[in-house]
Structures are given as C-alpha cells and as structure tokens.
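What follows is the residue order along each chain.
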Amino acid sequence: MSGLRRCLFGLSLLVAVGSAAAYTVNTVIPQSGGCPVRTRFNTASPINRRWSTSLPAPPVLYTVASPGTADQINEVQQVILTAFAAWTGVSGTLLNAVTYPSALAPLGQTATATACSDDSGGNLTGNDTICFNQASQAFTPGVLAFTRVFVASAPGQTLGSTTSAFAGQILQADVLVRNDGTVSFATPGALGSHPEAYDLETVLIHELGHFFGLEHSPVWRAIMAPFAPAPGTFLPPRPSPQTPDAPLREDDRTGLRVLYPDPLDTAHTGTILGRVLPANLLSLAAVPAPAAGQFVSGLFGAHVVAVDADTGEVVAGAIAGWSCPVPSAVPVFDGSYRLERLPLGRNYNLFVEPLDGAIPPAMLGGNVLSPCSTSSPTPCQSPPPATNFVVRPRSSS
Amino acid sequence: MMRKNFAGVSSVLGLMLALPLARPGRATTLARLSLPQLAASSKLVVRARCLGRNSRWQQGEIWTFTRFTALEFLKGSGPAVFTVRTLGGRVNGIVSVVDGIPVFEPGEEAILFLTPTARGDYGLVGWSQGSFRIARGADGVERVTQDAAAVPVYDPARRRFVLAGVARMPLEQFRVLLRAALQGPAQ
C-alpha cells in the first residue's frame, strides 16, 4: 500500500446531517471471534455507583471546605454528581436523566478500603467506584487519573456479582485519581486559590466518559481528549442546572449516543457512510489476503472526520477500513466507514487523513484498527494501514 | 460538499525541547510532559526490542507483562532482559480495558522511558508519552514515533489535521534532542 500516491474518495451519502464528534468507542473482540463489538453497560438494570469517602489528607485534594469535614465530603460528592450529570444530560441516550431517570442508581458511598484497587486483590467488588485514596502501580509520572474497565468478551462471564448478558458488556468500572502527593486536585470553588491543582470536575467528567465506554477522542477541546487542562485552569463552560452537559463537545455527545442510543430519539438518526478507495483499484491486488478466500477491496486505516459546515465543530469521526456485513463474521476489508447518530438537518464537510505514524495498527485504535482476532476459529490478518495517499474529491452533497 | 485538507500534516517537529509532547493515547487523564520532563522522570531510557508479552491476574488486576531485551541504555543502566508492567489485558473471557497503555508486539523496537516499580519490573513513564517506536523506512533511515503522537488530531480552530509530538523523526535527530533533554533542566 506504500506506493499509493492518490486515492479517490468514494462516498455515498445516505443522509446529510450534522453536528459533532470524532469520538472513539472502546471495543472488544468476542471470545468466539469475529468483528469487534462496542463495550457498554447493560442498561436493563440501573448502573450502580459508589465512591470512596476516605478522603486523603491535603495537599492531594483541595476543597472550599476545611479538609476532612462533612462539608468536604459533600463538596467532593457534588463534583462527582455534576460529572455524572454532564453525561446523563446528553439527549438521545438511554442514560438521559430526563427521559430515563432510573438509568443510574443513586450515588452511594463505600468505606471499603480496596473498592477500586490497591494492588492487593480486593477490588473485584462488582461496584463501579470512584476512589481518591487508593494507590496503583499503574500511576507512573504524568498519569493523573485513569479508569479501568472490566469487560466480558462473551455472555456468561462473571465478575464479582455481575454476570454478562452479551459480549462487550462492562462488568465493572473503577476510576482512580492519583493521590501520592505528587499532584493535587481542586474542586471548582477552590481552583482559583490553588493554581497548582488540576480541575477535579474536568478530570472526573473525562474519566466518566471512559467509565461509560468511550476512548480518547482525537479532537482538540473534546472532553475525551486525553490531556488535562493545565493546572489552575479548566475548559469552559462549566455545567449548569440548565445545561448539565455544557462541558462536552458535540464529539463527546455523539459518542455516547452511539453507545446508548435511545430508540425514541428522532433528532440524531443521521448516518454518513461510504468507502475510501485508491485511484488505482488494481493496486489492492498487491495486498496480502486477510483471510482464506478474502481479498482487500479498499483502503485500510484512513481517518474520516465529519465537520459541521456552519460551525466548524467536529461532528463525528471514524477509522475507515472494514465492515461486518454479518454478525460474528470475519471483517471485510473494503475501506468502509460509518458515522452514526448524527443530528438531522445540518451540512457536513468530510475530511480524510492517512494514518502516517509508525505505530502498528493495534496501537492506533485498539480493536478498531486491529479487528482480527488471533483466537478466532476463522483467523484473519489486518492489512497494513494506508499511510501515504492524497485525496481527490469526487462527489459532494 | 467535500473538502480536502492535508496541509500542515507534515511535521511539527521543531521546538521539542520546549513544547509538550502532545497527542492522544487512550483511557486516562495525562499531564503533558515535555521531553526534558520525560527524561527527568525516568530512571531508565533504553532502546529495546520486544521479546513477547502475556497477561495474567495479579492481586485483583489484569496486568500485561512485556519482556524486552535491552539494545542500548541512553540513561541509567539495567538488566539485559527486563519486563515492563502495564495495566490491562485479556485473560480468558475478561478484558481489562485501560486506554492510553501501549501494547508491543514481538520484534518491535522502541525507545522506552521507564521507572522501576515496587515489584521489581518497570512502568512506562506517562504511558503513551513514554514510548517511541522505531521503524526503518524504505530509505533505510530509522525513524521514531511517540505512541502519543501516532494519530493526527483534528484542530477545529484551524480546521485541519495536525501532528504534534515526535512523529517519524529520524532517530539521529531524536538522539540529539534526547541528549539535550538529559543534560538540561526539566521544564
């Protein structure tokens, strides 16, 4: 594929719509093999939520209230609730607090010393927890917080008290905020007086995006972009009771809608799909067959982004390369991309970009760029990503 | 309407000593680390080749243990064969998903920024920020790409994809930057 200097951009617009996102969702390849499936909670029952109330001593966490008081507990809990509300404020999802007020169980507290992880084996509680007081070997320099999500790759997998109903089900998610004293966090009320601290609200909203199944977004200013704002700062606007999801970008909202689509939603049902093809289709013949009886019929690994033509805001993004016409089938490497859950009635510009880094496909987007399972009964090998092409527009809407 | 936009995708490689090594990784909130900060935070900076990896449960977590053979120590010294511990992985029917953690394949070479763990192995400093893959191009030149700089990012303000961080930089050029980073104060 390295010799490709040009490609045609084969596009079939089913619906021209638009408003927001280059989200990436976490996926898991089912244990039985086949195409990757999205990871998400089973919303058939409320998602449990806990947080550890054993707050660390300052200067790790700053609040407006005096450290260690009931006010401090309440203040931190309010930030947690606000962070959840940012995501449950997104319309058109099964998590929306207005349409589905029981989607999330009431926020609880836990005094379990190992509710999230302390590297001592006590964290398999089945509770989905936020912890400010637990260490992990994973906290190397530069890591402020992380979310570890346990996902079932097949039905019937049990973790704690939860058994999976489907492949891709999140069984437990824990958010760990660094507390070794090397960095500090501040609630919004205290951030102004602690310029050395990171904004706790921003960090938690981001981590809860992972909690619900989103990966990092390659869109600057999306809440799911991986880097925190500099200490003492935050990305405006702050949430409000009227607009609890204000800190999110359209990119973030679309990602959640894709994971938890509300069947009653009629406003975000647009889809843009198409294929990215080389100008010289014969060049694909040189690409090794991904599986027995298969051949590559499109470019693999092009980054496609839809941008609202009026606002310039990113609407959606996807990695082009393959499709799964039959559930659990080996992917078909046909250059396909699909942008879903887009608001209707808008115009979009599409941008296409080769992945021209030196990173192997498995690193670029997890299973998104490595959709072949090594343990599948029908093994396949992903083609090399297209790293060297230019775009020649061919059609428009 | 469609539009192409590829200007500016080529390198933004200068000023690496002063600028943070931006770029996505995956499931984490990261603090941006400049190259001097990465170097200062690392006990070991080593060029290494991946020998293999496996994932297993260890005290309530799924960890992935990746073995490397050291090819060249650029800061500090360590064993000829060492293990890097990273959170997450797959064991039977359970997958532990942690975004931002690099995954290495046997035979891959990288420059790794490492910190020792309490368990006798090593952790990657800044996760995706502390791994720089080495690839030899068709021209025979070795180039390095930081994991966190692997994917072009769309900048809505400029309406274009941009690259930041170390991406496809000739290895020798990276060595010069690294030497300066190791000698200078962290910023």
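Model, not experiment: these values are computed from the prediction. (Residues numbered from 1 in each chain as written. Chains lettered and ligands numbered in written order. Predicted model: local features only at pLDDT ≥ 70, side-chain atom pairs only at ≥ 80, totals over all residues.)

Here we come to the overall build of chain B. A count of helices and strands for chain B gives 2 helices and 13 strands. The buried share of chain B, taken over its 187 residues, is 48%. Across chain B, contacts joining residues at least 24 apart in sequence account for 61% of those joining residues at least 6 apart. (Helix = DSSP H or I, 4+ residues; strand = E, 2+ residues; numbered from the N terminus. Buried ≥ 20, exposed ≤ 12 C-beta atoms within 10 Å, placed from the backbone. Contact = placed C-beta atoms within 7 Å.)

With that settled, consider the pairing of strand β18 (residues 314–320) of chain A. Residue and element names in this part refer to chain A. Burial within β18 is extensive, with 7 of its 7 residues counted as buried. In terms of strand pairing, strand β17 (residues 302–308) meets β18 through 6 bridges, oriented antiparallel. Each bridged residue has a counterpart across the sheet, and for A306 the counterpart in β18 is A316. (Pairing = 2+ DSSP bridges.)

All right, on to the nonpolar core then. Taken as a class, soluble globular proteins show a tendency for nonpolar side chains to be buried jointly. Core analysis: the largest hydrophobic core is formed by 138 residues, its most contacted members being L144(A), V151(A), F185(A), V203(A), A306(A), L112(B) and L114(B). When residues in this core are grouped by element, the largest group, 8 residues, is from strand β9 (residues 143–152) of chain A. A domain-level breakdown of this core finds at least three residues from each of domain 1 (7–36 + 264–392) and domain 2 (41–259) of chain A. (Core = buried A, V, L, I, M, F, W, Y, C linked by C-beta atoms within 7 Å. Domains from an automatic or database assignment.)

Our next topic: the pairing of strand β10 (residues 142–146) of chain B. All names here are of chain B. Summarising burial for β10: 4 of the 5 residues are buried, a large majority. Examined bridge by bridge, strand β9 (residues 131–136) and β10 share 5 bridges and lie antiparallel to one another. Following the sheet pairing, I134 is matched in β10 by V144. The turn linking β9 back onto β10 is made up of 5 residues, and G140 within it adopts a positive phi angle of 85 degrees. The pairing of β10 with strand β13 (residues 169–170) spans 2 bridges and is classified as antiparallel. Residue pairing across strands places R143 opposite P170, the latter belonging to β13.

All names here are of chain A. Assigned domains within chain A: domain 1 (7–36 + 264–392) and domain 2 (41–259). Counting residues at the interface gives 25 residues for domain 1, matched by 24 residues for domain 2. Counting residues per element, the ones that place at least two in the side of domain 1 that touches domain 2 are β18 and β19 (336–342). Per-element tally for the side of domain 1 that touches domain 2: the top contributor is β18, with 4 residues. Taken together, the residues of the side of domain 1 that touches domain 2 sort by class into 13 nonpolar, 8 polar and 4 charged. (Nonpolar A, V, L, I, M, F, W, Y, C, P; charged D, E, K, R; others polar.)

What follows is about the sheet that holds strand β14 (residues 198–199) of chain A. All names here are of chain A. Reading across the sheet, the 3 strands line up as β6-β13-β14 and stay open at both edges, with parallel pairing between neighbours. Looking at the sheet topology across the chains shown, the edges are occupied by β6 (61–62) and β14. Bridging between β6 and strand β13 (residues 185–186) involves 2 bridges; their strand directions are parallel. Opposite L61, over in β13, you have F185 as the bridge partner.

The subject of this paragraph is the sheet that holds strand β20 (residues 348–353) of chain A. All names here are of chain A. If you trace the 3 strands from one edge of the open sheet to the other, you get β18-β17-β20, paired in antiparallel fashion. Two strands close off the open sheet at either side, each with one partner strand: β18 and β20. Neighbour to neighbour, the strand axes of the sheet diverge by 20 degrees on average, direction disregarded. When β17 meets β20, the two strands line up antiparallel, connected through 6 bridges. Bridge pairing links H303 to E353 in β20. (Axes fitted to C-alpha atoms, helices over the stretch in contact; angles between N-to-C directions.)

It is worth spelling out unusual backbone geometry at this point. Between P236(A) and P237(A) the backbone carries a cis peptide bond, its omega angle lying at 5 degrees. Here P237(A) is to be found in the loop between α3 (200–212) and α4 (250–259). Phi at Q59(B) is positive, roughly 50 degrees, even though this residue is not glycine. Here Q59(B) is to be found in the loop between β2 (44–58) and β3 (61–75).

To continue, consider the environment of Y122(B). Residue and element names in this part refer to chain B. Relative to the helices and strands, Y122 is located in strand β8 (residues 122–124). On a C-alpha basis, the gap between Y122 and T83 in space is 6.3 Å, while along the polypeptide they are 39 residues apart. Every residue in contact with Y122, bar those within four places of it in the chain, is listed here: L44, F82, T83, V84, R85, L114, T115, P116 and T117.

All names here are of chain A. Contact geometry of helix α1 (residues 70–88) with α3 gives a least axis separation of 9 Å together with a crossing angle of 50 degrees. The pairing of α1 with α3 is recorded here as oblique in orientation. Handedness of the α1/α3 crossing: right-handed. Across the interface between the two elements, V79, I80, T82, A83, F84, A86 and W87 of α1 pack against L200, E201, L204, I205, L208 and F212 of α3. Class assignment of the residues belonging to the contact of α1 with α3 gives a composition of 11 nonpolar, 1 polar and 1 charged. (Parallel < 35°, antiparallel > 145°, perpendicular 65-115°, else oblique. Left-handed = near helix turned anticlockwise from the far one by under 90°.)

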